[in-house]
Amino acid sequence: MKILAGKRGLIMGVANDHSIAYGIAQKCAEAGATLALTYQNDMLAKRVIPLAESLGSDLTLPCDVGAEGGIEEMAATLQKTWGQVDFVVHAIAFADKSELRGPYLNTSRDNFNNAMLISCYSMTELARAMLPMMEEKGGSMTTLTYLGANRITPNYNVMGVAKAALEASVRYLAVDLGKHNIRVNAISAGPVKTLAGAAISGARHVFRHSESQAPLKRNPDMDEVGRAGLYFASDLSSGVTGEVHYVDGGYHHIGVPTAETE
Ligand code: NAP
């Protein structure tokens, strides 16, 4: 019996077949889940619909999380179509590329607000919108974060601040939704080559450094992050909530690298 057989999951954040959300969606589809995918706007629908089909999904919905009412509208359509949802994956982040370089000090008010809205607040809004579809049976919500939330990584800037707030939101939401048996967790992935990852200035340096210093001597691949996503979507993690789970080859444990790896 496949572990997600009979389960329905909403996956947000598939931009292409290198997206972390796609890696998680693949593992969930292989485990028997029925999936719905969202896309930000009509231009991107062309990219996402074939990817949804490759996962056996015929449900794709528009959702720009930055637009007023965007999440509520998507959730209303999902409620009419499915009624009930077992798990949600939130793999969405955005900041102005021009400020993912140089000092954090120069972050503009508009970019700060927009990055927080899209990369952090959208998870809270989503949790509220999905609650009516999950409260009866319980379920799981998973978001994606990065080490830059609690340590300084070059040029991550406002995104690190947004991820810190996102991780705090995960803990607050875990308490609010725990009484409905809805679990809320985050996966902190090591560097993965994606569109969002490439927007950060000096991404190649971070990628190489993490690879060489991680105890496993590599960065995670999409399959590895995907399997962690499957763990959180499924009952395998039924006793886990409010957690930030690192899938980074152990990199976050390192304080001072051993001499021979410097
Ligand atoms: P990605 O493929 O570029 O995915 C980012 C997604 O965010 C895209 O699907 C993008 O949609 C979506 N998005 C941005 N603004 C949106 C909006 N207003 N409304 C709806 N969707 C919006 O990159 P990724 O690396 O897989 O990123 C997924 C998550 O993993 C992000 O939270 C990221 O911070 C996190 N993460 C990434 C890494 C890494 O190394 N790559 C490491 C740790 C954590 P469009 O393309 O349609 O705009």
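Residues numbered from 1 in each chain as written. Predicted model: local features only at pLDDT ≥ 70, side-chain atom pairs only at ≥ 80, totals over all residues. Heavy atoms only, no water.

**Comments concerning the environment of Ser-201**
Note that Ser-201 resides in the loop between α6 (195-198) and α7 (203-213). It is 6.0 Å that separates the C-alpha atoms of Ser-201 and Leu-100, two residues lying 101 residues apart in sequence. Setting aside chain neighbours within four positions, we find Ser-201 in contact with Leu-100, Arg-101, Pro-154 and Asn-155. (Helix = DSSP H or I, 4+ residues; strand = E, 2+ residues; numbered from the N terminus. Contact = heavy atoms within 4.5 Å.)

**A closer look at the confidence of the model for the chain**
Mean pLDDT over the chain works out to 97, with 99% of the residues at or above the 70 mark. Across the chain, element-level confidence peaks in strand β4 (residues 87-90) with a mean pLDDT of 99 and bottoms out in α6 with 92. (pLDDT = per-residue confidence, 0-100.)

**Quick notes on the site of the ligand**
Close to the ligand lie 27 residues, the nearest being Ser-19, Gln-40, Leu-44, Val-192 and Thr-194. At a separation of 2.9 Å, a nitrogen atom of the ligand approaches a polar side-chain atom of Asp-64. When isolated, the ligand has an accessible area of 880 Å², and the protein chains bury 90% of it. For the shell around the ligand, the elements supplying multiple residues, two or more each, are β5 (139-145) and α6. (Near = heavy atom within 4 Å. Polar contact = N/O pair within 3.5 Å; in protein donor to acceptor, adjacent residues only side chain to side chain. Areas by Shrake-Rupley, 256 points an atom, 1.4 Å probe, with all protein chains shown as cover.)

**Things to note about the pattern of salt bridges**
Under the defined criterion, the tally for this structure stands at three salt bridges. A salt bridge links Lys-27 to Asp-223, with the nearest nitrogen and oxygen atoms 3.5 Å apart. In this pair, Lys-27 sits in helix α1 (residues 20-30) while Asp-223 sits in helix α8 (residues 222-233), placing the two residues 196 residues apart along the sequence. A salt bridge links Glu-224 to Arg-218; its shortest N-O distance comes to 2.6 Å. For Arg-218, a relative accessible area of 36% translates into the label partly exposed. (Salt bridge = Lys/Arg side-chain N within 4 Å of Asp/Glu carboxyl O. Buried < 20%, exposed > 50% of the residue type's maximum accessible area, 1.4 Å probe, protein only.)

**A look at the side chain of Arg-183**
You can see Arg-183 is positioned in strand β6 (residues 182-189). For the buried Arg-183, no salt bridge exists, and the shortest N-O distance to an oppositely charged side chain is 5.1 Å, to Asp-235. A polar contact of 3.2 Å, which involves the side chain of Arg-183, links it to the backbone oxygen of Ser-234. (Lys, Arg positive; Asp, Glu negative; His and termini not counted.)

**Quick word on the pairing of strand β1 (residues 8-12)**
By the criterion of burial, β1 is predominantly enclosed, with four of the five residues buried. Both β1 and strand β2 (residues 34-39) contribute to a ladder of four bridges, which runs parallel. When the bridges of β2 are listed, Ile-11 appears paired with Leu-37. Handedness of the crossover joining β1 and β2 through α1 is recorded here as right-handed. Bridging between β1 and β4 involves four bridges; their strand directions are parallel. Each residue of the ladder has a partner; that of Gly-9, found in β4, is Phe-87. (Pairing = 2+ DSSP bridges. Right-handed = clockwise from strand over helix to strand, strands pointing away.)

**Here we look at the state of the cysteines**
Counted according to the given criterion, the structure contains zero disulfides. In this structure Cys-63 is not part of a disulfide, and its nearest cysteine sulfur, from Cys-120, lies 16 Å away. A relative accessible area of 6% places Cys-63 in the buried class. For Cys-120, a relative accessible area of 7% translates into the label buried. (Disulfide = S-S within 2.5 Å.)

**Focus: the packing of helix α3 (residues 70-81) against helix α4 (residues 109-134)**
Viewed as axis vectors pointing N to C, α3 and α4 meet at an angle of 25°, and their least axial separation amounts to 10 Å. Judged on the interaxial angle alone, α4 and α3 are roughly parallel. In the packing of α3 onto α4, the handedness of the crossing is right-handed. Contacts from Ile-71, Met-74, Ala-75, Leu-78 and Gln-79 of α3 reach α4 at Ser-122, Glu-125, Leu-126, Ala-129, Met-130, Pro-132 and Met-133. Of the residues contributing to the contact of α3 with α4, the split by class is nine nonpolar, two polar and one charged. (Axes fitted to C-alpha atoms, helices over the stretch in contact; angles between N-to-C directions. Parallel < 35°, antiparallel > 145°, perpendicular 65-115°, else oblique. Left-handed = near helix turned anticlockwise from the far one by under 90°. Nonpolar A, V, L, I, M, F, W, Y, C, P; charged D, E, K, R; others polar.)

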